[in-house]
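Structural overview
What follows is the residue order along each chain.
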Amino acid sequence: MQKTRLTLIALTALALSGSAMAQAPIVIKFSHVVANDTPKGKGADRFKELAEKLTNGRVKVEVYPNSTLYKDKEEMEALQLGAVQMLAPSVSKFGPLGAKEFEVFDLPYIFPSKAVLYRVTEGQIGKDLFKKLEPKGITGLAYWDNGFKVMTANKPMHTPADFKGLKLRIQSSKVLDAQMRALGANPQMLAFSEVYQAMQTGVVDGGENTPSNVYTQKMHEVQKHLTVSDHGYIGYAVIVNKKFWDGLPPDIRAQLEEAMRGATKYANSVSQLDNDAALEAIKKSGKTTVYTLNEKEKAEWRKALQPVHKEMAGRIGKDLIDAVYKESAALGYK
């Protein structure tokens, strides 16, 4: 009798344990390399909030900002291995992975306005680019905006001639390498987390980024000059491990897609506001002189950088570059 009772207790405990396991939340580790109070950081936090709410707690999103889990050189491999489930890397990161077409986003002055950008990311071009990631075990979910770039250095940069000999930090991108060389600068590839110290110690003279990244990483404290050039774009692609994503219950996946749509709308809406506020804060700090290119100077920059489009056509694809030009023309840009 006692033995039967013990067996029943053991079976009940096992059943309860199995039930608890079945109800344990699905964990999504979302790693990124920037601060919480940036467009990407805010977008990640909003996704966590919406995902947990819409799934009624069946999904738990753990956000790891500021390279606390992986640096930007390491995170892609971590995603492919399943060590993390979700990232929001700069689109520049896909070139070294073999999806060179994504480097179209790095071409200087390729997007004359946000309207053109959104026609690309939200249209067929954006969808086709995400398909390039699937053979690499990656599913693309959304494009998040971070805005147009500024240049920073310890000397004024008003004309292309001002760049001669400067050591400027870039992300890992053949296009950005060509861009800096076209200006006469020496490109230095560094992980995002290493940039502040490199600027502080003089390993690099400057770099390019969005105002929100410059301000939140305190780069303006170790850079005397900032030029508002809008010469390039930084955007992110929210991606997920394909095997993990495909293995989710369909209802959960649908709820997470809804959460991502909400987070994307929010992240893109705060991007310009954050960059404008960051630029004002940089000006008020008194540590960096902020200069905005006039139309004549911007035309000089464009002329100096236009050859990069032709130089990179073989790598990125002439048809893709022409397709982006077509989206610009549709909105009246030449």
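These lines cover the structure that appears in this document, whether it is placed above or below. Keep in mind that what you see is a predicted model, and the values were worked out from it rather than measured. (Residues numbered from 1 in each chain as written. Predicted model: local features only at pLDDT ≥ 70, side-chain atom pairs only at ≥ 80, totals over all residues. Heavy atoms only, no water.)

**Overview of the overall build of the chain**
Going by this rule: Numbering of helices and strands runs from the N terminus, with a helix taken as a DSSP run of H or I at least four residues long and a strand as a DSSP run of E at least two residues long. Throughout, a contact is declared for two residues whenever any of their heavy atoms are within 4.5 Å. Under the convention used here, Asp and Glu are negative, Lys and Arg are positive, and both His and the chain ends fall outside the count. In plain terms, the charge of a residue is placed at NZ if it is Lys, CZ if Arg, CG if Asp and CD if Glu.
Per the secondary structure count, the chain includes 13 helices and 11 strands. Taking all contacts inside the chain whose residues are at least 6 apart in sequence as the whole, residues at least 24 apart take part in 77%. Taking the average location of the 46 positive side-chain charges in the chain and that of its 37 negative ones, the two points are 2 Å from each other.

**Overview of the packing of helix H6 (residues 174-182) against helix H12 (residues 307-316)**
We count it as follows: Lines fitted to C-alpha atoms define the axes, with helix axes restricted to the stretch in contact, and inter-axis angles between N-to-C directions lie between 0 and 180 degrees. With respect to orientation, any angle under 35 degrees is reported as roughly parallel, any angle over 145 as roughly antiparallel, any angle of 65 to 115 as roughly perpendicular, and every other angle as oblique. Left-handed is the label given to a crossing in which the near helix is rotated counterclockwise from the far helix by less than a right angle, and right-handed is the label when the rotation is clockwise. In this classification, the charged set is Asp, Glu, Lys and Arg, the nonpolar set is Ala, Val, Leu, Ile, Met, Phe, Trp, Tyr, Cys and Pro, and all remaining amino acids, among them Gly, are polar.
At a closest axis distance of 10 Å, the pairing of H6 and H12 adopts a crossing angle of 160 degrees. It follows from the interaxial angle that H6 and H12 lie roughly antiparallel. Pair H6 / H12 crosses with right-handed handedness. In this structure, H6 uses Lys174, Val175, Ala178, Gln179 and Ala182 to contact H12, whose residues at the interface are Val308, Glu311, Met312, Arg315 and Ile316. Residues that form the contact of H6 with H12 fall into these classes: 6 nonpolar, 1 polar and 3 charged.

**Section: the nonpolar core**
How we decide: We call a set of buried residues a nonpolar core when its members are Ala, Val, Leu, Ile, Met, Phe, Trp, Tyr or Cys and they connect through side-chain atoms within 4.5 Å of each other. Here's how the labels work: a residue is buried when its accessible area is under 20% of the maximum for its type, exposed when over 50%, partly exposed in between, all with a 1.4 Å probe on protein chains only.
The biggest cluster of nonpolar side chains holds 41 residues, and the ones touching the most others in it are Phe30, Phe47, Val61, Met86, Trp144, Val238 and Leu256. Every element with two or more residues in this core is listed here: strand S1 (26-31), helix H2 (39-54), strand S2 (59-64), strand S4 (138-148), helix H7 (195-201), strand S9 (225-228), strand S10 (233-241) and helix H10 (250-285). When residues in this core are grouped by element, the largest group, 8 residues, is from H10. The next biggest cluster of nonpolar side chains, apart from the first, holds 36 residues, and it includes Leu79, Leu133, Val175 and Met312.

**Description of the sheet that holds strand S6 (residues 167-170)**
Basically, it comes down to this: Pairing between strands is defined by DSSP: at least two bridges between them are needed.
Ordered in space as S7-S6-S8-S5-S9-S11, the 6 strands form an open sheet in which the pairing is mixed. The two strands at the open ends of the sheet, each matched to only one other strand, are strand S7 (186-189) and strand S11 (289-292). Each adjacent strand pair in this sheet contributes to an overall mean axis angle of 25 degrees, direction not counted. Here 4 bridges tie strand S5 (residues 150-153) to strand S8 (residues 206-209), and the two strands are oriented antiparallel to one another. Residue pairing across strands places Met151 opposite Glu208, the latter belonging to S8. Packing of H6 onto the sheet brings it into contact with S5, S6, S7 and S8, and relative to S6 it is tilted by some 160 degrees.

**With respect to H12**
Defined as follows: Arc definition: directions from the helix axis to the C-beta atoms.
Residues of H12 that are buried: Val308, His309, Met312, Ala313 and Ile316. Down the axis of H12, the buried set is contained in an arc of 150 degrees. They therefore lie on one face. Exposed residues on H12 whose side chains face more than 90 degrees from its buried face are Lys310, Glu311 and Gly314. On its buried face, H12 sits against H6, helix H11 (295-305) and helix H13 (318-330). Among the residues trailing H12, Gly317 stands out with phi positive, at a value near 115 degrees.

**Side note on the sheet that holds strand S3 (residues 86-87)**
Backbone hydrogen bonds hold the strands of a sheet together, and the pairing may be parallel or antiparallel. Pairing within the open sheet is mixed, and its 5 strands lie in the order S2-S1-S3-S10-S4. Of all the strands in the sheet, the pair left with one neighbour each is S2 and S4. The pairing of S3 with S10 spans 2 bridges and is classified as antiparallel. Residue pairing for S10: Met86 is matched across the bridge by Val240. H2 contacts S1, S2, S3, S4 and S10 of the sheet and is inclined by roughly 165 degrees relative to S2. Across the sheet, helix H5 (residues 124-131) touches S4 and S10, and the angle it forms with S4 is around 130 degrees.

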